[in-house]
Every structure is written in structure tokens, then in C-alpha cells.
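If you want the building blocks of each chain, they are given just below.
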Amino acid sequence: MDIEQCKQAEMVPLVQYILRSIRFIVVGDQAEMNDSVGSNRSDKESYELLFIMSGTEQGKCYLQGPGRYFTIDRKISNCSYYQVRFETRGYDAASGLLPDKQELVCSPFAKTMELLNELYGLRRASDELELFQRFVKFQELLLFLFHQNAPAIEEKGTDTVHQGIELSIRHIQQYYRELLTVEELASLAGIDRWKYTRLFKEATGQVPLQYLNEVRINQAKKWLASADDKLLDIALNAGFSNEYYFSRRFKQTVGISPGQYRRSRKGKLRIVAPYLEDFIVALDMEPIAQYRHEKWGKQDYLGLNEIPTFEENSDNLEELSYYKPDLILLVDRYEQQQYAQCRRISNTCILREQTNNWRTLLRNVADYFGREELANEAITNYDFKARSASQTLSHLMKGQSVAFLRISADQIIQYTEGGQAFVSTVLYGDVGLRSHSAVGVASKANRPGMFTLTVKDLHMLTADHLFITFDKWHSQEEGKERELLEMPEWRDLPAVRNNRVYEVDFLTWMNNGIISNSKKIDDILRSLA
């Protein structure tokens, strides 16, 4: 037996469960003897499940087995019920998954009835395919019971409330297609209905039906991305009652329609996403238009040379209608008037979460388009690149300090360690360079790690290396921001005298995206290594 065969052998369950008979017993009647699907039961290994279908005990399930028979005659005497007999086979069958209790949880009971009815319909199976179908259906029934009656729930010392919530969460994840109610989930968890919703929200951040809807939407995303099934089929398979309701809930949750989501996965969605183009390109998509700033230009580092531009700083986004976008994706930085303009043009989604963490932002954007795997892969590759650069530079720099300056016509801003600025997180965080101590006063922007320098402050700027970029925002004439380079105070700096000043592209270093940050690392290595 080779290694692969050994692995497969180890994965085979040690205990097998073999169906022997299923009978439906009506009040006052006896089951038909020919309903049996097997015979010659071994008393040592035989078990019996009773599912009460009517009467005061309706919805109950009882398990009887070797050495643990209980008297339940009174409970079933005036009831109709299914009787399912089966055997266990294999090594140490007693240590299998069978719960060590008489009454079992089987919620939702509608699902139990569905499984039993299907299994009962196959009781007289004869050909090979039907026999196999019956075998699979019985295993599905047992799995349904095992999930809800796991021994861990009964162990002493465990947090039964927590275990109950976890059990109901797993139940939602497995049976999201079913009609689930909060009452059924609370009963399954063994928690009073009035407590259950609060405890569920504490555990998940959502109430049960919100969580159920999210599970259904996430399943629908997978099918939309991987198959060309009709929307109605996807809706029904995901647990929605009709296509209209599915489409409405999908758009409310995701921000775009199921059809648009499907096209986005195939690269056919027409997207405009100002300030987010970095993330769109990183997720292997291409916007139909890109923003351009009057002073800063466009993001040349993205290589979107053939993509038309629009003036994002004009306070008027009506011109986006010219590009006929399917979706406009915006960060939360605009006026209500501009949002209204975009909504008149096309579907508009707003990323409400304010964050300087580009990893979080990339994952949020990826979630809109079902490209979470691409986002995680890109982040993994970036982190590896940053670690490699940090190791390389730690040997070369040996304690030398680095400063970064943003120079405009009327001010100099130094970015230092400890700030949340896009430059600082890469230069001093990811790459791990030593920041030169701040020499100016706190920036008017009142942001940690940003300091405004005057020309008189420059003599204190003794960093071994300087990275600089030029901001044209305040320049009244061409090249005004570069006049600092001709001043004696600048030329007298140690880094300038030692030819250790490195000019970098403004938008590459001022943007906070995975591509721009990766190119920052390239610039740092090119300059210092």
C-alpha cells in the first residue's frame, strides 16, 4: 500500500451505520412487514430511532440501543411515527458518533420530515442506483442528527450556552437553504427565545436572521462567480423564496445586482472608482475611467495609459455619465450633492468605513466583487516582499537614519515614525527603517507623525538619507515648489552634501494602496540597496 492509499485508508470512518428497515406506523395500525430493507439483525449492534409525527409528542426523536432500552410505549401509543432500525459495524462501534442519550434534538423538524419521507420512498429500492441513493440519504439523516447532538454539548464543565450558540451557528451554515426561524434555532441551542437573540448577537455581531441572510448571500456569490446557472436557480438553492426577493436582498447587502456581480467576476463590469483605482487594478480589474487632479495629475504608476481621465476635484461628477458605468464605487469623502449626482448616473456604493489600513480597504473592495482570494494572495505577496526588504536593509543601513519630506511652495512636511500617514507605515513600519527625529512643529493637519518645518529648521535635519517628493498644490507658477533646492540651508544638509537625497513620484508615495506601497518598497531598495 503506497502513501496515498494509506492516507485514504486513515480517512475512512472506523464505524459504519447500516440501515436495516424504515417503517411508518400509523395510530392503531401495524407497520407492514415487507417494509423491511434488511434482516438478521445482531442485537449487540442494533439501534432504533423513533420519530414522532403526530400527537402531543410531535417533533420528538428517541434513540434506543443495546443495553439502554427505555420505556417509551406511553409516549408513542397514540402517535404516528417513523421507526428506523440500523446496525453499526466496524472497529469499536460503541465509540462512534451515536449520542449517549435517549431523546435527540432534530430541528428544524420540517427538515427531519423531508429526509424521512425521501428515505421512506426508497424503502423498496432494487436497482443499484436507488440502493446507493438510499444509503446516502440515511447517512444524511444521521449526519443531521449527529451535528445537533454532539457529545461535546453534554460534557460536564463546558459552557453549554456558548456551545448552544455555536451549534445553532453551524446549523445555519449547513441548513441555510431551509426555512429557519429564531424559535427553532433557540430551541436547538437549548436557550430561551428571549435570551437567544441577544447572546447570538454578542457572539456574531448580528441577529440570527441577519447572519442567515449573510450566509445565503455568500453562497450565492460563489455560484454567481463559478457558474452560469439561472438567477432563479441560484436564488432557490441559496434559500430565497423567489428571484425578485433574492435580487433585492443581494443588492441591499452587496451594493450591486447579482447580474452585475457576475459580470464583475468575468471582468465585464464597467467600474468607476476614484481614489480606489489602485485596489481595482490589484484585484485584476480595470476601471473605465480614472481620476485626474488638476495639480497632481493622474496615477501614472498604475500603467492605465489608455484609460480616459476625469477631473475629480471639480465638485461636479456629472461627466461620469459619459462613460456609462455599471457601478460607481466611492470612498466616504464627498458632499451629498456629489453622491446624488452619481446615483442619478448609475448604481453607487459608498465605502463608509474610514480606515488608513489599506489591507482592510482592499478586502472591503474585494468583497464587492467576490475576489477575496485575490486580495488575500496579494496581501501575502506584499508581506513577503516587505519582510525580505526589511532583512536586506537591516544589514545595509546599520543604524543610519531616514527622513521623508513633502515639499510644496509654501511649506515642508516631515513624516516620522509613529504616524499613520501612508508613507510612514511603509518606510518605518513594513520596511523597518530608522526614522530621523522630528525637527518641526506639529502639522496643522493635526495628524500624528506629521511635522511642519520652516527653512530655519532645516539645520536640525541631520538624517543620513532623505526621500523627497514635490507637491504642486500651492504652486502659483511652474517649478515654484522646487525653489527650496537652490537655498543654502538646503545645500548644507548632510544628506545633500553626501548625495543621499532621493526624489520619488508624488502620487506613488502619497497614495495608500497595495500597488503604490509595493512601488514604495521598490524605490527604497533602488535608493538604499
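Residues numbered from 1 in each chain as written. Predicted model: local features only at pLDDT ≥ 70, side-chain atom pairs only at ≥ 80, totals over all residues. Heavy atoms only, no water.

Asks: What exactly am I supposed to notice about the overall build of the chain here?
Replies: When helices and strands are counted, the chain shows 20 helices and 17 strands. For the chain, the proportion of its 529 residues judged to be buried stands at 47%. Relative to all contacts within the chain whose residues are 6 or more apart in sequence, the contacts with residues 24 or more apart total 64%. When the accessible area of the chain is evaluated, it comes to approximately 27600 Å², of which 48% is carbon and sulfur surface. (Helix = DSSP H or I, 4+ residues; strand = E, 2+ residues; numbered from the N terminus. Buried < 20%, exposed > 50% of the residue type's maximum accessible area, 1.4 Å probe, protein only. Contact = heavy atoms within 4.5 Å. Areas by Shrake-Rupley, 256 points an atom, 1.4 Å probe, with all protein chains shown as cover.)

Asks: Explain the confidence of the model for the chain here, please?
Replies: Regions with low pLDDT should not have their predicted coordinates read in detail. Per-residue pLDDT for the chain has a mean of 83; in total, 87% of the residues score no lower than 70. With pLDDT under 50 throughout, residues 1-9 is counted as low confidence; its partners more than four residues away or in other chains account for two contacts. Counted against residues more than four places away or in other chains, residues 30-42, with its pLDDT under 50, gives 27 contacts. (pLDDT = per-residue confidence, 0-100.)

Asks: I tried to follow the sheet that holds strand S6 (residues 271-272) on my own but got confused; where do I start?
Replies: Backbone-to-backbone hydrogen bonds pair the strands of a sheet. The strands run either parallel or antiparallel. Strand order in the open sheet made by the three strands is S6-S9-S10, with parallel pairing throughout. The two strands at the open ends of the sheet, each matched to only one other strand, are S6 and strand S10 (347-351). As paired elements, strand S9 (residues 327-331) and S10 share five bridges and run parallel to each other. Bridge pairing links Ile-328 to Thr-348 in S10. Of the strands in this sheet, S6, S9 and S10 are in contact with helix H14 (residues 358-369), which crosses S10 at around 155 degrees. (Pairing = 2+ DSSP bridges. Axes fitted to C-alpha atoms, helices over the stretch in contact; angles between N-to-C directions.)

Asks: Hey, could you run me through the pairing of strand S12 (residues 412-415) in this one?
Replies: Look at any regular strand and the pattern is simple: side chains alternate between the two faces of the sheet. The two faces of S12 match: Ile-412 and Gln-414 on one face and Ile-413 and Tyr-415 on the other face are all buried. Sheet analysis places strand S11 (residues 401-407) next to S12, joined by four bridges and oriented antiparallel. Bridging from a neighbouring strand, Leu-405 pairs with Gln-414 of S12. With four bridges connecting them, S12 and strand S15 (residues 450-453) associate as antiparallel partners. When the bridges of S15 are listed, Tyr-415 appears paired with Met-450.

Asks: Is there a simple way to think about the pattern of salt bridges in this case?
Replies: Side-chain pairs of opposite charge can arise where the charged atoms are in close proximity. Taken as a whole, this structure holds 20 salt bridges when the rule is applied. Taking the shortest distance from any N to any O, the salt bridge between Arg-85 and Glu-48 comes out at 2.8 Å. Of the two residues, Arg-85 sits in strand S4 (residues 81-90) while Glu-48 sits in strand S2 (residues 46-52), which places them 37 residues apart along the sequence. The exposure class assigned to Glu-48 is buried, which follows from its relative accessible area of 12%. Between Lys-137 and Glu-118 there is a salt bridge whose closest N-O contact spans 2.6 Å. Here Glu-118 lies in helix H3 (residues 109-121) and Lys-137 lies in helix H4 (residues 128-148), a separation of 19 residues in the sequence. Because the salt bridges share partners, they merge into one network encompassing Glu-118, Lys-137 and Glu-140. (Salt bridge = Lys/Arg side-chain N within 4 Å of Asp/Glu carboxyl O.)

Asks: Got a minute to help me understand the packing of aromatic side chains in this structure?
Replies: Here a ring pair, both rings aromatic, is described through the centre-centre distance and the interplanar angle of the planes. The tally for this structure, following the rule as stated, stands at 23 aromatic pairs. Here Arg-123 stacks its cationic end above the ring of Tyr-120, 3.9 Å away from the centre of that ring. (Phe/Tyr/Trp six-rings, centres within 6.5 Å; stacked < 30°, edge-to-face > 60°. Lys NZ or Arg CZ within 6 Å of the ring centre and 35° of its normal.)

Asks: How should the environment of Val-439 be read in this particular structure?
Replies: Along the chain, Val-439 turns up in the loop between strand S13 (434-435) and strand S14 (441-442). Among the residues examined, Val-439 registers a relative accessible area of 12% and is labelled buried. Considered as a pair, Val-439 and Thr-416 are 23 residues apart in the sequence and their alpha carbons are 10.0 Å apart. Discounting chain neighbours no more than four positions away, the residues touching Val-439 are Gln-414, Leu-453, Asp-457, Met-460 and Leu-461.

Asks: Just checking my understanding: could you explain the layout of surface pockets for this structure?
Replies: Rolled over the atoms, a probe as big as a water molecule pinpoints where empty space is left. Estimates place the volume of the second largest pocket at around 400 Å³. Taken together, 18 residues form the lining of the second largest pocket, with Glu-214, Lys-221, Thr-253, Val-254 and Asp-367 sitting closest to its centre. For the lining of the second largest pocket, the secondary-structure elements that each account for two or more residues are helix H8 (208-226), helix H10 (243-254) and H14. Residues of the lining of the second largest pocket, tallied by class, amount to four nonpolar, seven polar and seven charged. (1 Å grid on protein atoms, 1.4 Å probe; cavity = no way out; pocket = protein on both sides within 12 Å on 5 of 7 lines; lining within 4 Å. Points joined across faces, edges and corners; volume = space filled by probe spheres on them. Nonpolar A, V, L, I, M, F, W, Y, C, P; charged D, E, K, R; others polar.)

Asks: In this structure, what is going on with the state of the cysteines? I would like to understand it.
Replies: Linking two cysteines covalently through their sulfur atoms gives a disulfide. The final tally for this structure, using the stated rule, is zero disulfides. You can see Cys-61 has no disulfide; the closest cysteine sulfur is in Cys-106, sitting 5.0 Å from it. Here Cys-61 falls in the buried class, since its relative accessible area comes to 0%. (Disulfide = S-S within 2.5 Å.)

Asks: Can you walk me through helix H11 (residues 258-265) in this structure?
Replies: An α-helical segment advances 3.6 residues per turn. Residues three or four places apart therefore align on the same side. Every buried residue belonging to H11 is among Pro-258, Gln-260, Tyr-261, Arg-262 and Ser-264, and all of these are buried. Tucked into the core, H11 has its buried residues touching H8, helix H9 (231-237), H10, S10 and H14.

Asks: I would appreciate a short explanation of a nonpolar patch on the surface in the present structure.
Replies: Together, Phe-132, Phe-135 and Val-136 give the surface a local cluster of nonpolar side chains, amounting to about 290 Å² of exposed area. Judged by its relative accessible area of 42%, Phe-135 is partly exposed. (Patch = residues over 30% accessible without salt bridge, like charges linked within 9 Å, V, L, I, M, F, W, Y side chains within 5 Å.)

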